[in-house]
Amino acid sequence: MTADIKQQIACIALLVADYDEAIAFYTEKLAFSLLEDTDLGGGKRWVRVAPPGSGGTALLLAKASNPQQLQQVGDQAGGRVFLFLQSNDFWRDYQQMRANGVTFYEEPREESYATVVVFSDLYGNKWDLIQPK
C-alpha cells in the first residue's frame, strides 16, 4: 500500500516582517526565483520563492499578522540552524552570497560529510550553505 503513496514537502512557511523586503533578499542576495506573488486581499499575499533547481520545494513567505508571530520573525528555530541550502558548487555560491552582502557567522569549514558555513537571512534565521561530499 505505501508504494502507491506519493508525497513531498511543497512549501515551508517562513515568517517575515514585510513581503517586499523578504522578496528582495531572497531574489537579490540568494538568487532565488520568485515563483508566485498573489494578492489574497486584506494585506495578505501568497508569496513563494525557491532556489534554482529546487525540485519543487519552496519557501512560503508568510507576513507576521499579530504580535506573537512578529516576535518569532528571525527566531523560528530558537537560535538553531533552521534551513539548509544545498549547493552543487559551494565556493561559487559562497563567493556570490558574500559579494551580495549576506552575513556569515563563521568561515567555511570542511567536515567529514560536507563543506559548510552558517549564514543568516535578513531577519537572523540561521541557515547552512552546504555541499555534501
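Refer to the structure above for everything that follows.
The model shown is predicted, which means the values in this text are computed figures rather than measured ones.

Draft legend 1. View of the packing of aromatic side chains. All told, the structure shown has 10 aromatic pairs when counted by the stated rule. Between Phe25 and Tyr26, the ring centres sit 5.1 Å apart and the planes meet at 85 degrees, which makes this aromatic pair edge-to-face. We note that Phe25, like Tyr26, is buried. Arranged with centres 5.7 Å apart and planes meeting at 90 degrees, the rings of Trp91 and Tyr94 form a pair that is edge-to-face. Here Tyr94 and Trp91 lie together in helix α3 (residues 90-99), a separation of three residues that amounts to about one turn. Exposure remark for Trp91: the relative accessible area of 42% places this residue in the partly exposed category. You can call Tyr94 buried: its relative accessible area is 4%. Aromatic ring contacts, followed pair by pair, group Phe25, Tyr26, Phe32, Phe90, Trp91, Tyr94, Phe104, Phe119 and Trp127 into a single cluster.

Draft legend 2. Just the pattern of salt bridges, in detail. The final tally for this structure, using the stated rule, is seven salt bridges. Arg48 serves as the salt-bridge partner of Glu36, at 3.0 Å between the closest nitrogen and oxygen. Here Glu36, found in strand β2 (residues 33-41), pairs with Arg48, found in strand β3 (residues 44-50); they are 12 residues apart in sequence, far enough to count as distant. Judged by its relative accessible area of 26%, Glu36 falls in the partly exposed class. Between Arg109 and Glu111 there is a salt bridge, with its nearest N and O atoms 2.8 Å apart. Salt bridges here are not isolated pairs; linked through shared partners, they connect Asp20, Asp37 and Arg45.

Conventions and cut-offs
- Residues numbered from 1 in each chain as written.
- Predicted model: local features only at pLDDT ≥ 70, side-chain atom pairs only at ≥ 80, totals over all residues.
- Heavy atoms only, no water.
- Phe/Tyr/Trp six-rings, centres within 6.5 Å; stacked < 30°, edge-to-face > 60°.
- Buried < 20%, exposed > 50% of the residue type's maximum accessible area, 1.4 Å probe, protein only.
- Helix = DSSP H or I, 4+ residues; strand = E, 2+ residues; numbered from the N terminus.
- Salt bridge = Lys/Arg side-chain N within 4 Å of Asp/Glu carboxyl O.

Read these as spatial facts, not as claims about activity.
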